[in-house]
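One letter stands for each residue in the lines below.
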Amino acid sequence: MKKLLQLTLGIMTALGGFVDLGQIVFSMQAGALFGYHLLWTIALGAGAIAIYMEMCGRIAAVTGEAVFAVVRDRLDRRLGLATLGASNLLNLLTCAAELGAVAIVLHLLTGINQQVALMGGALVLGALVWLLHFEWIERTFGLSGLLMIVFAVAAVKLRPDWGGVAAGFVPQLPVGGGDRLLLYAYFAVGIFSALLMEYEVHFYSSGAIEEGWKPKDLPQNTIISTTGIALGSVLTSALLILGVLVFLPRGIVPDLLSTTILPVALPLDPTLVKLALGGILACVASAAVETALSGSYNVCQFFNIKWDKNLPPKKVPQFTIGWLSMLGIALVVALTGIKPLTLVNFSIIFGMVIMPLTYYPILKTAGDRAMMGEHATKPWQHGLAWVFLVLIVIAALAAVPLMILTHSGQPQ
Amino acid sequence: VKVRAAFALAALAACSSNPGEEAARAQRALRSTEAEVVLLDEMQQLGHLPSHYSNAHRRYLQQTLTELQKKLAKLR
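Only a predicted model underlies this, so the values are computations on that prediction, with no experimental measurement involved.

Visitor: Go over the overall build of chain A with me, naming the residues and quoting the values.
Guide: Helix and strand counts for chain A come out as 19 helices and zero strands. Against the 2.2 N^0.38 benchmark of 22 Å for 412 residues, chain A shows a C-alpha radius of gyration of 20 Å, consistent with a compact globule. Referenced to the eigenvectors of the C-alpha coordinate spread, the extents of chain A come out at roughly 55 × 50 × 45 Å. Taken across its 412 residues, chain A has 59% of its residues classed as buried. Looking at chain A alone, contacts between residues at least 24 apart form 86% of all its contacts between residues at least 6 apart. Of the roughly 14,700 Å² of accessible surface on chain A, a fraction of 70% belongs to carbon and sulfur atoms. Across chain A, the 23 positively charged side chains and the 21 negatively charged ones have centroids separated by 3 Å.

If you want it as structure tokens, here you go:
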């Protein structure tokens, strides 16, 4: 049972990391606009994050160092500081967007005023993080996120064309050129980026250290990261399939978080619709917690400040002030009324731009025999990681021009 | 390099924004939202939606429709 519960780190990281607000809406929009044609981007992104998440867990288990200690040691000091600043700005924007999404889902579930839900939601999340030990945080959010399986059930019940689904995993260009091609490229980059959001590796590697992983835990690292990512990929694919089955034939391009619930209501009853809302709530709350904690983990790791979520908050004051500030500032940003989806779209695209600066140091450290000894990355994995890094760099260069040219993915 | 990149992006932004295209985008979004209202009505008639959800989502859709109609009126 304990071994099974250990999977919750991978599940929480993957669900909060890539089945968050941005990905939920992005995937359904991709299905509504391009049918099954973009499923391959989910497989590609899942492959990339699987390789890099495993490397992060391995580095943490062997050297006891998390991502931002690695970034500090591998990059020039100024570049390292710039990466820290940019990553934490993105964590803050994402946290604000996810808090906004928590308020929307609470409003949809209970009818409670959205501003009240926003403040109440942030307060409850803050209290949970304050009170719970790390393993209980991951268990609470990881297990409640499993409610998202309702989306997969709905997708299967609507009987997709499985041949079309399988064909979607082979990269192909859409029919029609010009603007449609640009839009396709924007969604391909967006889905790839959302699957690789930096805070996933920040949180996962910090979590590995919180749990005290040692080299003997390396098989567990592979199982945990793979299970979480496999589940996240299936759910993301289910969201895209629902977009194809429900929205594409009706000419709907979902642009609201609340719209993403409608496909579940088509084949299922209101109780399951409520469970689906509960699943979304768990994922967006999970993402808010991950980004708030990651912000503080990053600063502490970069400046070598003591951090440990399992210690009482007063024993690690700077770490505690760090995540409380992240949550507090994110709440203020969310209270200004900026649409959560606008915020999260920006963080996905700009997250892509700085992504190489997070993933390159991980690749170099994991392959360093002097540091990792016999646990250094195997040549085949190292080669694959380089291929993914090249793809990340190409996507990073294309992200902002595509966002401008497609007006953040708005079809004509 | 940074300055050149900033200029290139600004030029890209200037080239890609014209009122005709913006109106087409708003029109498409309006059609999509109207189709969603029809879908919501269908779901509600089937009794598949919890009441808080359908009320709140309908309000969001009405809000979106109003915003898009205003935007289209401005562009025309």
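Visitor: I'd like to hear about the packing of helix α8 (residues 134–145) of chain A against helix α15 (residues 270–302) of chain A, residue by residue, with values.
Guide: Any two packed helices are characterised by the angle at which their axes cross and by the distance between the axes. All names here are of chain A. At a minimum axis distance of 8 Å, the contact between α8 and α15 shows a crossing angle of 150°. When the axis of α8 is compared with that of α15, the two are roughly antiparallel. Of the two possible hands of crossing, α8 and α15 adopt the one that is left-handed. Each of F134, I137, F141, S144 and G145 in α8 lies in contact with α15, whose residues at this interface are G279, A282, A285, S286, V289 and Y297. Partitioning the contact of α8 with α15 into residue classes produces seven nonpolar, four polar and no charged.

Visitor: Which residues make up the nonpolar core, and what are the values?
Guide: Residue and element names in this part refer to chain A. In this structure, L38, Y52, F151 and Y359 are the most contacted members of the largest nonpolar core, which totals 166 residues. In terms of residue count, α15 provides more of this core than any other element does, 15 residues in total. With residues up to four places along the chain from it excluded, the contact list for Y359 reads I49, Y52, L196, M197, E198, V201, L389 and I392.

Visitor: So what's going on with the pattern of salt bridges? Which residues, and what values?
Guide: Using the criterion set out here, one finds eight salt bridges over all chains in the structure. Here E135 of chain A ties to R139 of chain A by a salt bridge, and the two come within 3.5 Å at their closest N and O atoms. Placement of both E135 of chain A and R139 of chain A in helix α8 is noted, with a separation of four residues, approximately one turn of the helix. Measuring nitrogen to oxygen at the nearest pair gives 3.4 Å for the salt bridge that ties K339 of chain A to E67 of chain B. You can see K339 of chain A sitting in the loop between α16 (317–335) and α17 (340–366) and its partner E67 of chain B sitting in helix α3 (residues 51–75), one on each of two chains. Residue classification places E67 of chain B among the partly exposed positions, given a relative accessible area of 41%.

The rules we used
Residues numbered from 1 in each chain as written. Chains lettered and ligands numbered in written order. Predicted model: local features only at pLDDT ≥ 70, side-chain atom pairs only at ≥ 80, totals over all residues. Heavy atoms only, no water. Helix = DSSP H or I, 4+ residues; strand = E, 2+ residues; numbered from the N terminus. Rg over C-alpha atoms; globule rule 2.2 N^0.38 Å. Buried < 20%, exposed > 50% of the residue type's maximum accessible area, 1.4 Å probe, protein only. Contact = heavy atoms within 4.5 Å. Areas by Shrake-Rupley, 256 points an atom, 1.4 Å probe, with all protein chains shown as cover. Lys, Arg positive; Asp, Glu negative; His and termini not counted. Charge placed at Lys NZ, Arg CZ, Asp CG, Glu CD. Axes fitted to C-alpha atoms, helices over the stretch in contact; angles between N-to-C directions. Parallel < 35°, antiparallel > 145°, perpendicular 65-115°, else oblique. Left-handed = near helix turned anticlockwise from the far one by under 90°. Nonpolar A, V, L, I, M, F, W, Y, C, P; charged D, E, K, R; others polar. Core = buried A, V, L, I, M, F, W, Y, C linked by side-chain atoms within 4.5 Å. Salt bridge = Lys/Arg side-chain N within 4 Å of Asp/Glu carboxyl O.

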